[in-house]
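# A look at the structure
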Amino acid sequence: MELVCPAGTPASLRAAVEAGADVVYCGFRDETNARNFPGLNFSRAELEAETAFAHSRGTHVYLACNTYPAAENETLWHRAIDDAVMIGVDAIILADIGLLRYARDRHPQTRLHLSVQASASNVEAIRFYHREFAVRRVVLPRVLSLDEIASLNRQIGVETEVFAFGGMCVMAEGRCSLSSYATGESPNMNGVCSPAHHVHYEERDDATVSRLGDFTINVYGASEKVGYPTLCKGRFRAMGKVGYLFEEPTSLDVTSMLPELAAAGVTALKIEGRQRGKAYITQVVGSFRRALDRISAGQVMTDSKLSNMTEGQSDTTGAYRRNWQ
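Below: a short report on this structure.

What counts and how
Residues numbered from 1 in each chain as written. Predicted model: local features only at pLDDT ≥ 70, side-chain atom pairs only at ≥ 80, totals over all residues. Heavy atoms only, no water. Helix = DSSP H or I, 4+ residues; strand = E, 2+ residues; numbered from the N terminus. Rg over C-alpha atoms; globule rule 2.2 N^0.38 Å. Buried < 20%, exposed > 50% of the residue type's maximum accessible area, 1.4 Å probe, protein only. Contact = heavy atoms within 4.5 Å. Areas by Shrake-Rupley, 256 points an atom, 1.4 Å probe, with all protein chains shown as cover. Lys, Arg positive; Asp, Glu negative; His and termini not counted. Charge placed at Lys NZ, Arg CZ, Asp CG, Glu CD. Core = buried A, V, L, I, M, F, W, Y, C linked by side-chain atoms within 4.5 Å. Salt bridge = Lys/Arg side-chain N within 4 Å of Asp/Glu carboxyl O. Axes fitted to C-alpha atoms, helices over the stretch in contact; angles between N-to-C directions. Nonpolar A, V, L, I, M, F, W, Y, C, P; charged D, E, K, R; others polar. Parallel < 35°, antiparallel > 145°, perpendicular 65-115°, else oblique. Patch = residues over 30% accessible without salt bridge, like charges linked within 9 Å, V, L, I, M, F, W, Y side chains within 5 Å. Arc of directions from axis to C-beta. Polar contact = N/O pair within 3.5 Å; in protein donor to acceptor, adjacent residues only side chain to side chain.

Glancing now at the overall build of the protein chain. Secondary structure assignment for the protein chain yields ten helices and 15 strands. For 325 residues, the compact-globule estimate of 2.2 N^0.38 gives 20 Å, and the protein chain sits close to it at 19 Å. By its C-alpha atoms, the protein chain is 60 × 55 × 40 Å across when sized along the principal axes. Each of the 325 residues in the protein chain was classed as buried or not, and the buried ones make up 53%. In the protein chain, once contacts between residues fewer than 6 apart in sequence are set aside, the share between residues at least 24 apart is 62%. Accessible surface, the protein chain: about 14400 Å² in total, of which carbon and sulfur atoms supply 50%. Between the averaged position of the 34 positive side-chain charges in the protein chain and that of its 38 negative side-chain charges there is a distance of 3 Å.

Here's what the structure looks like:
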């Protein structure tokens, strides 16, 4: 299976390549990608230079252009697609059907992948994108079980890519829109979830309060590790109880089920974390590279030992085994 790894900066891209990535994915430094944070992403010149470096090492580069342009404001996105093709990236990851049509018509030889932001999770949806836009690969939402993925792969004519490590970010239920209610900005439209300029923390007695805009997201005791405030991972009071209503802070790690994913027909494994640093990239990519190499050599799987890189120091296999809430 192809190992698709995040690169939020040129340094992270090189770290991913050195650690054994088959592919790195990245975005331009604007709202055309869903990780539009200060200090992240690539200028045109940087992407051109780093694409040349990756190609010299046998690594492919995918560009994420996976947000949705507002009405009559497609120019920035069109330019991103045109520039990516000129630079020579190996695939463009898109979600919006208008952008897919533009890319198909303007650059028919370019390989197009369907972003997880499109939430295509059934046979007819995937066939539509393949038929209408010549999409070659679909990144599946994190809400499908292993059996469902295997069933899809038996019925569709495109490659499938699944998330293997990192934040859960289950977006099929519209959680990505929650950020816009609190801040006016969301990953789907602006490329930012819980933008940093809306985040602040307060000390109250022996507790730390995390806030997003005018909303309290969590209250941490003195012995608890303080997390970044995102609405979908907030701790709220409802029906007399306090808890994580949407999702507990934990990270996906499918190392233990890599042979099962391969048997299900999965083409590629995606590591999440373009906003993470070089240490994260080196350790996580290296761990998955070694795991895949062991599988190829017929060796027995071992634990990933990546708990120090997970959110809340806990991990899950998510919906793949249907034992996650």
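What follows covers the nonpolar core. Among soluble globular proteins, nonpolar side chains are generally buried collectively. Leu47, Leu94, Val254, Leu261, Ile271 and Phe288 are the most contacted members of the largest nonpolar core, which totals 76 residues. Broken down by element, the residue count for this core peaks at seven residues, all from helix α10 (residues 278-296). Those residues in contact with Leu94 that lie beyond four places of it in its chain are Cys65, Ile81, Leu99, Leu100, Ala103, Leu112, His113, Leu114 and Ser115. Listed in part, the seven residues of the second largest apolar core include Val4, Val23, Tyr25 and Ile93.

Side-chain pairs of opposite charge can arise whenever the charged atoms involved come near each other. Counted under the stated rule, the structure contains 20 salt bridges. A salt bridge links Glu132 to Arg131; its shortest N-O distance comes to 3.3 Å. A salt bridge links Glu260 to Arg321, with the nearest nitrogen and oxygen atoms 2.4 Å apart. Taken together, the residues span a long stretch of sequence, with Glu260 in helix α9 (residues 258-263) and Arg321 in the segment after β15 (315-316) at a distance of 61 residues.

Glancing now at the packing of helix α4 (residues 97-106) against helix α5 (residues 123-133). Running from N to C, α4 and α5 point in directions that differ by 35°, and their axes come no closer than 10 Å. Facing Ile97, Leu100, Arg101 and Arg104 of α4, the residues of α5 in contact are Tyr129, Glu132 and Phe133. Broken down by class, the residue content of the contact of α4 with α5 amounts to four nonpolar, no polar and three charged.

For the pair helix α1 (residues 10-19) and helix α2 (residues 44-56), the least separation of the axes is 10 Å and the interaxial angle reads 10°. One way to sum up the angle between α1 and α2 is to call them roughly parallel. Together, Pro10, Leu13, Arg14, Val17 and Glu18 of α1 and Glu46, Glu50, Phe53 and Ala54 of α2 make up the contact between the two elements. Residues of the contact of α1 with α2, tallied by class, amount to five nonpolar, no polar and four charged.

A cluster of nonpolar side chains, namely Tyr201, Val226 and Tyr228, defines an oily patch on the protein surface of about 280 Å² accessible area. On the accessibility criterion, Val226 (36% relative accessible area) is partly exposed.

With that settled, the discussion passes to α5. Along α5, the residues that are buried comprise Val123, Ile126, Tyr129 and Phe133. In a view along the axis of α5, the buried residues occupy a sector of 150°, so they form one face of it. Turned more than 90 degrees from where α5 packs its buried face, Glu124 and Arg131 sit exposed. Taken together, the buried residues of α5 touch α4, β5 (112-114), β6 (137-139) and α6 (146-155). Between the side-chain oxygen at the start of α5 and the backbone nitrogen of Glu124 there is a gap of 3.3 Å, and the oxygen is on Asn122.

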